[in-house]
Amino acid sequence: MPNKIFFVCLFVSLFCAGASLSCRWMEQNFRQYNENSLTLLENMVTNSTNSTVDAAEEDAVAFPDELYKHASKASAEDRLAFTVQILEEVAALFEEDRSPSNETVWEETTVENFINLTTQQADGLRSCIVSHSHKKKNKKLSLYFKRLSHDAKQMVHSADAWELIRKEAHAHLLRADIVVTSVLTAN
């Protein structure tokens, strides 16, 4: 009997230690990774003087802002799952159809570094989600990013299309930081 109690206590303490260790990533690394990702995006600004990106933004797919409002009222795990999906969708935009026109706009190593940082952020935050019930993705969020990708393809992945994607990614990374910060301050 004492052995069973010992093993139960050991299991519970290891589980709790593992759970707190997994969220140390969020507390210690998320902000730095996010700042590095934002810096890379800022360095990707195209220097095109004839840019029509402002006109393209008017026609761009509007983000369903109610998703951020809904996420802000959700549980900490749901907010993290939402942020993970945002990061995965942003990384997918940059991974998808890396055409020769994209390579001429941004340096390949910068894009690779951005994708790696964004993917590491998603993986790190995913490790903080204890429940595995968050496998279901937000459909509205997925549709938004699919439409954004489609718009970029319609613009033949021109410099303006990539600038639009860069600006959208930048905005989402800023908002992701706010969502994660709200989880940190709630704990």
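Just so you know, these numbers come straight off a predicted model, no measurement behind them.

A. Here's a closer look at the pattern of salt bridges. Using the criterion set out here, one finds 7 salt bridges in the structure. Between Lys140 and Glu66 there is a salt bridge, with its nearest N and O atoms 3.6 Å apart. Of the two residues, Lys140 is situated in helix α7 (residues 139-154) and Glu66 in helix α3 (residues 66-72); the sequence distance between them amounts to 74 residues. Classification of Glu66 as partly exposed rests on a relative accessible area of 41%. Between Asp123 and Arg126 there is a salt bridge; the shortest N-O distance is 2.8 Å. With a gap of 3 residues between them, Asp123 and Arg126 both fall in helix α6 (residues 108-126), about one helical turn apart. With relative accessibility at 41%, the residue Asp123 sits in the partly exposed group. Its relative accessible area of 34% is what places Arg126 among the partly exposed residues. Via salt bridges that share partners, Glu88, Asp123, Arg126 and Lys137 belong to a single interconnected network.

B. The arrangement of the nonpolar core in detail. Of all hydrophobic cores here, the largest spans 44 residues; its most connected members are Leu80, Ile86, Phe94, Phe114, Leu125 and Phe145. Listing elements by their share of this core, those giving two or more residues are α1 (2-43), α3, α4 (76-95), α6, α7 and α8 (159-186). For Phe114, the residues in contact, after removing those within four places along its chain, are Ser37, Leu40, Leu41, Met44, Val90, Phe94 and Leu173.

C. Highlighting the packing of α7 against α8. In contact at an axis separation of 9 Å, α7 and α8 are set at 155° when each is read in the N-to-C sense. When the interaxial angle is binned, α7 and α8 end up roughly antiparallel. Both α7 and α8 take part in a crossing whose hand is right-handed. Only Ala161, Leu164, Ile165, Glu168 and His172 of α8 make contact with α7, whose side of the interface consists of Tyr144, Phe145, Leu148 and Ala152. Split by residue class, the contact of α7 with α8 holds 7 nonpolar, 1 polar and 1 charged.

D. Representation of the environment of Cys128 in the model. Along the chain, Cys128 falls in the loop between α6 and α7. Given a relative accessible area of 4%, Cys128 falls into the buried group.

E. Summary view of the packing of aromatic side chains. Evaluated as defined, the whole model comprises 8 aromatic pairs. Considering the side-chain rings of Phe94 and Phe114, the 4.6 Å spacing of their centres and the 55° angle between planes classify their relative orientation as tilted. Of the two residues, Phe94 is situated in helix α4 and Phe114 in helix α6; the sequence distance between them amounts to 20 residues. On the accessibility criterion, Phe94 (0% relative accessible area) is buried. Classification of Phe114 by relative accessible area gives buried; the value is 0%. Members of the aromatic cluster, joined through ring pairs, are Phe63, Tyr68, Phe82, Tyr144 and Phe145.

F. Spotlight on the environment of Ala62. Positionally, Ala62 belongs in the loop between α2 (53-59) and α3. A sequence separation of 86 residues divides Ala62 from Leu148, and the C-alpha atoms of the two residues are 8.9 Å apart.

G. A look at the confidence of the model for the protein. For the protein, the average pLDDT comes to 78, and 72% of its residues sit at 70 or higher. For residues 4-22, every residue scores under 50 in pLDDT, and the model assigns this stretch 4 contacts once sequence neighbours within four places are set aside.

About the criteria used
Residues numbered from 1 in each chain as written. Predicted model: local features only at pLDDT ≥ 70, side-chain atom pairs only at ≥ 80, totals over all residues. Heavy atoms only, no water. Salt bridge = Lys/Arg side-chain N within 4 Å of Asp/Glu carboxyl O. Helix = DSSP H or I, 4+ residues; strand = E, 2+ residues; numbered from the N terminus. Buried < 20%, exposed > 50% of the residue type's maximum accessible area, 1.4 Å probe, protein only. Core = buried A, V, L, I, M, F, W, Y, C linked by side-chain atoms within 4.5 Å. Contact = heavy atoms within 4.5 Å. Axes fitted to C-alpha atoms, helices over the stretch in contact; angles between N-to-C directions. Parallel < 35°, antiparallel > 145°, perpendicular 65-115°, else oblique. Left-handed = near helix turned anticlockwise from the far one by under 90°. Nonpolar A, V, L, I, M, F, W, Y, C, P; charged D, E, K, R; others polar. Phe/Tyr/Trp six-rings, centres within 6.5 Å; stacked < 30°, edge-to-face > 60°. pLDDT = per-residue confidence, 0-100.

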